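Summary of structural features
Spelled out from the first residue to the last, the chains are:
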Amino acid sequence: MKIGVVVSAGPYTHESSDTAYNFVKAAIAAGHEVPRVFFYHDGVNVGTRLSVPPQDDRNIQVNWSALAKEHGTDLVICIAAAQRRGLLDENEAQRQGKDADNIAEGFRISGLGQLIEMGIQTDRLVTFGE
Amino acid sequence: MSETVKKFFYVNRKAPYGTIFAQEALEVVLIGAAFDQDVSLGFLDDGVYQLVKGQDTKDLGVKNFSPTFRALGDYDVTKLFVEKESLDERGLSADDLDEIMYEDEDDDWAEKPSIRIVSRAEMADIMADQDVVLSF
Amino acid sequence: MSTLHTVNKSPFSTQSLLSCLNHAKDGDTILMIEDGVYGAAKGTGLGDALAARGGAVSLCVLASDMEARGLEASRLIDGVTPVDYAGFVEMVVNNDRTQSWL
């Protein structure tokens, strides 16, 4: 079965991105497909490569990036939510005249249409949020 | 845009301004309208506060997005279900809500209200009839 | 046709669990996750509200969130079942839709 996932709460402050990660791993292990995870609200902050959690803690971004690499899961960060919160890829940074970008490997920034499309194309949709 | 038409239900349970959820939920509704799906919005719990009339954010200095609800009809989003019990619990009635109308193209463009007050049991039935539930 | 409801807040800080119980239909499943697991503990003021829907609605709790919070299975309200993430996935698959009471 195809399962779409929404992460809508910020990492570390809220457990949602951890719960979502554990859920996606379990879904894939059970033979289901998670074609896309959509990050919205403060959930977009999962996708910054500049976070440096303590070494004895999990690294939420690194875990997601590894999952995307291993399973081809499309990690989409909502552009409108990302721009508000300072999440930029190279193109956006250039377009907005900013001096840096911060998006992590395996993530991409795109529009809310990707969320609706996920709802249309998957069999189930689960939201993890605050 | 798509051959599949699914029933999309947006669950609004948060008050406006204190958090961004109501505003960003509305942004999804607006984008989602372009996909020609069967869209309904549910307002329950604190979500009913989103539709209260007379919102004025000038002194707060943030965007007042409540007028956007009145534009939803132009996007063919015409089913705004508001839970009566949630209104009652908050000392509100239908009269406290913004008037949100749409023009019914199947009825000679007659103006009709988009807001439909439903009971809690009806809200549960509506939720149970959806393909995709987006929770805010 | 059934719905999986997830609740991730303590019932002592928000009305999410109560609202969920008020909207869940017979045959639905309620899964308490994250801080929502506190709602599954017996001896609280909310036990009756849950027990009233138990049976008609199946009540579950995410085991890893229980364990993290020191909530032992022996302290759960009768009829609440702990599940692991594989069980969570099965619930999502076996119900027609998921509503998250955020």
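Each remark here, short or long, concerns the structure printed above.
A few points on the structure. For every chain, the first residue of its written sequence is number 1, and the numbers climb from 1 along that sequence. To read the labels, note that chains go from A and ligands from 1, taken in the order they are written. Local features are withheld for residues below a pLDDT of 70 in this predicted model, meaning they are given only at 70 or higher, and side-chain atom pairs are given and counted only at 80 or more; totals for whole chains, interfaces and linings count all residues. Computation of side-chain values: all heavy atoms of the structure, hydrogens and water removed.

In this structure, C:T3 sits in strand β1 (residues 3-7). We call two residues in contact whenever any of their non-hydrogen atoms come within 4.5 Å of each other. Setting aside anything within four residues of it in sequence, one finds C:T3 in contact with B:A128, C:D28, C:T29, C:N95, C:R97 and C:Q99. Each helix is a run of DSSP H or I of at least 4 residues and each strand a run of E of at least 2, with the numbering of both proceeding from the N terminus.

Right, let's talk about the interface of chain C and chain B for a bit. With 15 residues of chain C at the contact, the number on the chain B side is 18 residues. Buried area is understood as the total, over both parts, of accessible area removed when two parts are fitted together, assessed with a 1.4 Å probe. Of the roughly 1300 Å² buried at the junction of chain C and chain B (both faces included), carbon and sulfur atoms supply 51%. It is C:H23, C:R97 and C:L102 that lose the most area in chain C upon contact with chain B, and together they represent 43% of the buried surface on that side. Salt bridge, as applied in this entry: a Lys or Arg side-chain nitrogen positioned within 4 Å of an Asp or Glu carboxyl oxygen. In this structure, the connection of chain C to chain B is made through one salt bridge. A salt bridge links B:D125 to C:K25; its shortest N-O distance comes to 2.2 Å. For the purposes of these results, a polar contact is taken to be a pair of N or O atoms within 3.5 Å, where, inside protein, one atom must be able to donate a hydrogen and its partner to accept one; residues adjacent in sequence count only when each atom of the pair is a side-chain atom. Remark: the boundary between chain C and chain B carries nine residue pairs in polar contact (both at pLDDT 80 or more). Secondary-structure elements contributing two or more residues to the side of chain C that touches chain B are β1, α1 (16-23) and β5 (97-101) of chain C. Among the elements that take part in the side of chain C that touches chain B, β5(C) stands out by supplying five residues, more than any other.

With that settled, the discussion passes to the interface of chain A and chain B. On the chain B side, the residues contacting the 18 residues of chain A number 22 residues. With both chains or domains summed, chain A and chain B bury close to 1600 Å², and 64% of this area falls on carbon and sulfur atoms. Looking only at chain A, the three residues that lose the most surface to chain B are A:H41, A:I116 and A:I120, adding up to 36% of its buried area. For the pair chain A and chain B, the interface holds three salt bridges.

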